[in-house]
Amino acid sequence: MVTLHRRLLGFLPRIGVRVTDLGPGTAVVSRRGGRTRVPLVAGADLLVRSGDRYAVSRLAEDVWLVLGQRSRGSSRPSGDWRTDRLGDSGAHLLVDGRAAADERRLQLAAASYLCAHHVAAMLESYGVNCVFDVGANTGQYARRLRRSGYTGRIVSFEPTADAFARLRRAAESDPDWFVHHIALGRADTEAEIHTGWNSMNSLLPPSDYGRDRYQRFARTRTERIAVRRLDGLLERALDGITDPRPYLKMDTQGYDLEVFAGAGERVGDFLGLQSEVAALRLYEGSPTMGEALAVYEASGFGITGMYPVTREPATGRVVEFDCVMMRGDAVSAPG
């Protein structure tokens, strides 16, 4: 005997309503687009929009990963995903088998995430309320800080005209993000910076190793820029902050120690720093990793994290590390 419910379901398509029958007493109706049932296990189905391809992977007991993307074909749901426990942290990492096959790219992506996570934790633990973002480029680092939950002041420095224009636009809607169109260094002066190298513009020329590694170094143009000492800018940058607790991030393509020298005795004001240190030098005259770390450690900073930034595809050797360092005696006095 056909019930009233079944008769109604049979009538609805005549007036343009799509019906997906899920079983006795249960159906889904929609005005647009058909629906398709994808069986998972006994008693569990996935209801998807027709015409889409979905990858369904079982990650753990009662946990499924469902990914959808447009596809012209009608291939069955598939996927090569797995879940890896991150030690005893309680966190799990979802890994796409195809992405994991590129070990170098996966490792660098993981290092970038872990570095950002670590920096956010250090800023909170030490009560940092002002981050000096030196070598800001177009504002990538500052935006990452905001995504990580940092709400304090950011003061960014970028000397090249094209990158600064984009940096200024990025900061327009953030009232506590200040930007300056200058470079920082050992002395107040003017200099020529090599440009046209995307995010790798530098006041230093490329080394022989750098030329061999990056084709972009083969062609260059220069731009006249202003260079200022950091210690002469601190008071203005920190104005209005009660009990300033600053952090210094440097990413200046081989010029970080020059920026650090420009802080003079005021380097003692900084609770921590982040510097790109070179295991293999890309720029002529830049310090080695050992030389840079020795200077930072002599000023009272200790390493809390080292994260590879670039690696040689053929050998696996790390070219540069992001090094995070803090003053251990400052953590006990958060602001």
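Residues numbered from 1 in each chain as written. Predicted model: local features only at pLDDT ≥ 70, side-chain atom pairs only at ≥ 80, totals over all residues. Heavy atoms only, no water.

**Quick word on the confidence of the model for the protein**
Let me state the cut-off plainly: Per-residue confidence from the predictor is reported as pLDDT, a score between 0 and 100. Contacts between residues were defined by any pair of non-hydrogen atoms, one from each residue, lying within 4.5 Å.
For the protein, the mean per-residue pLDDT works out to 85, and 78% of the residues sit at or above 70. The low-confidence segment residues 71-78, where pLDDT is below 50, has 11 contacts with residues more than four positions distant or belonging to other chains.

**Some details on the nonpolar core**
Note the cut-off: Only buried Ala, Val, Leu, Ile, Met, Phe, Trp, Tyr and Cys residues count toward a nonpolar core, and they belong to the same one when joined by side-chain atoms within 4.5 Å. Think of it in three bands: residues with accessible area under 20% of the maximum for their type are buried, residues over 50% are exposed, and the middle band is partly exposed, with areas taken using a 1.4 Å probe on protein chains only.
F132, L230, L248, M250, F260, L273 and Y296 are the most contacted members of the largest nonpolar core, which has 46 residues in total. Among the nonpolar cores identified, the runner-up in size contains 24 residues, and V119, A142, L167 and Y247 belong to it.

**Remarks on the pairing of strand β10 (residues 153-157)**
Rule in force here: Helix and strand labels come from DSSP, where a helix needs a run of H or I of at least four residues and a strand needs a run of E of at least two; each type is numbered from the N terminus. The pairing criterion for strands is at least two bridges between them, as found by DSSP. Whether a crossover is right-handed depends on one test, that the path from the first strand over the helix to the second runs clockwise when the strands point away from the viewer.
Most of β10 sits inside the fold, with 5 of its 5 residues counted as buried. Both faces of β10 are covered, namely the face carrying R153, V155 and F157 and the face carrying I154 and S156. In this sheet, β10 lies alongside strand β9 (residues 130-134) in parallel orientation, the contact comprising 5 bridges. In the sheet register, D133 faces β10, and the bridge partner there is S156. For the crossover that starts at β9, traverses helix α4 (residues 140-147) and ends in the parallel β10, the hand is right-handed. Across 4 bridges, the pairing between β10 and strand β11 (residues 177-180) is parallel. Of the residues in β11, the one forming a bridge with I154 is W177. Regarding topology, helix α5 (residues 161-171) serves as the crossover connection from β10 to the parallel β11, and that connection is right-handed.

**Quick notes on α5**
Definition in use: The directions from the helix axis to the C-beta atoms form the arc being described.
Those residues of α5 that fall on the buried side of the exposure criterion are A163, F164, L167 and A171. Projected down its long axis, α5 carries its buried residues within an arc of 95°, all on one side. Away from its buried face by more than 90 degrees, α5 exposes D162 and R169. If you follow the buried residues of α5, they end up packed against β10 and β11.

**Examining the side chain of R327**
Here is the rule we go by: Positive: Lys, Arg. Negative: Asp, Glu. His and the chain ends are not part of the count. Each salt bridge in this description consists of a side-chain nitrogen of Lys or Arg and a carboxyl oxygen of Asp or Glu lying within 4 Å of one another. Think of a polar contact as two N or O atoms within 3.5 Å of one another; within protein, one of them needs to be a possible hydrogen donor and the other a possible acceptor, and neighboring residues in sequence only count if both atoms come from side chains.
As for its position among the elements, R327 is in the segment after β18 (318-326). Summary of buried charges: R327 has no salt-bridge partner, and the nearest side chain of opposite charge, D329, is 5.9 Å away. Side-chain polar atoms of R327 contact the backbone oxygen of S299, separated by 2.7 Å. Excluding its chain neighbours within four sequence positions, the residues that come into contact with R327 are Y126, V267, G268, F270, L271, S299, G300 and F301.

**A short note on the packing of aromatic side chains**
Let me state the cut-off plainly: Two aromatic rings, drawn from Phe, Tyr or Trp (for Trp, its six-membered ring), form a pair once their centres lie within 6.5 Å of each other, and the interplanar angle then sorts them: stacked below 30 degrees, edge-to-face above 60, tilted otherwise. We count a charge as sitting over a ring when the NZ of a lysine or the CZ of an arginine lies within 6 Å of the ring centre and within 35 degrees of the ring normal.
Overall, the coordinates contain 6 aromatic pairs when judged by the stated rule. Arranged with centres 6.4 Å apart and planes meeting at 10°, the rings of F132 and F157 form a pair that is stacked. Placement of F132 in strand β9 and of F157 in strand β10 is noted, with a sequence separation of 25 residues between them. The pair F132 / F157 is uniform in exposure class, with both members buried. Ring geometry for F217 against Y283: centres 5.8 Å apart, planes inclined by 65°, an arrangement best described as edge-to-face. Here Y283 lies in the loop between β16 (272-278) and α9 (289-298) and F217 lies in the loop between α6 (208-213) and β14 (221-228), a separation of 66 residues in the sequence. Accessibility classification places F217 together with Y283 in one group, the buried group. An aromatic cluster of at least three residues, connected via ring pairs, comprises F132, F157 and F270. If you follow K249 out to its NZ or CZ, it ends over the ring of Y141, 5.0 Å from the centre. Stacked on the ring of F301, the Lys or Arg R327 has its end atom at 4.1 Å from the ring centre.

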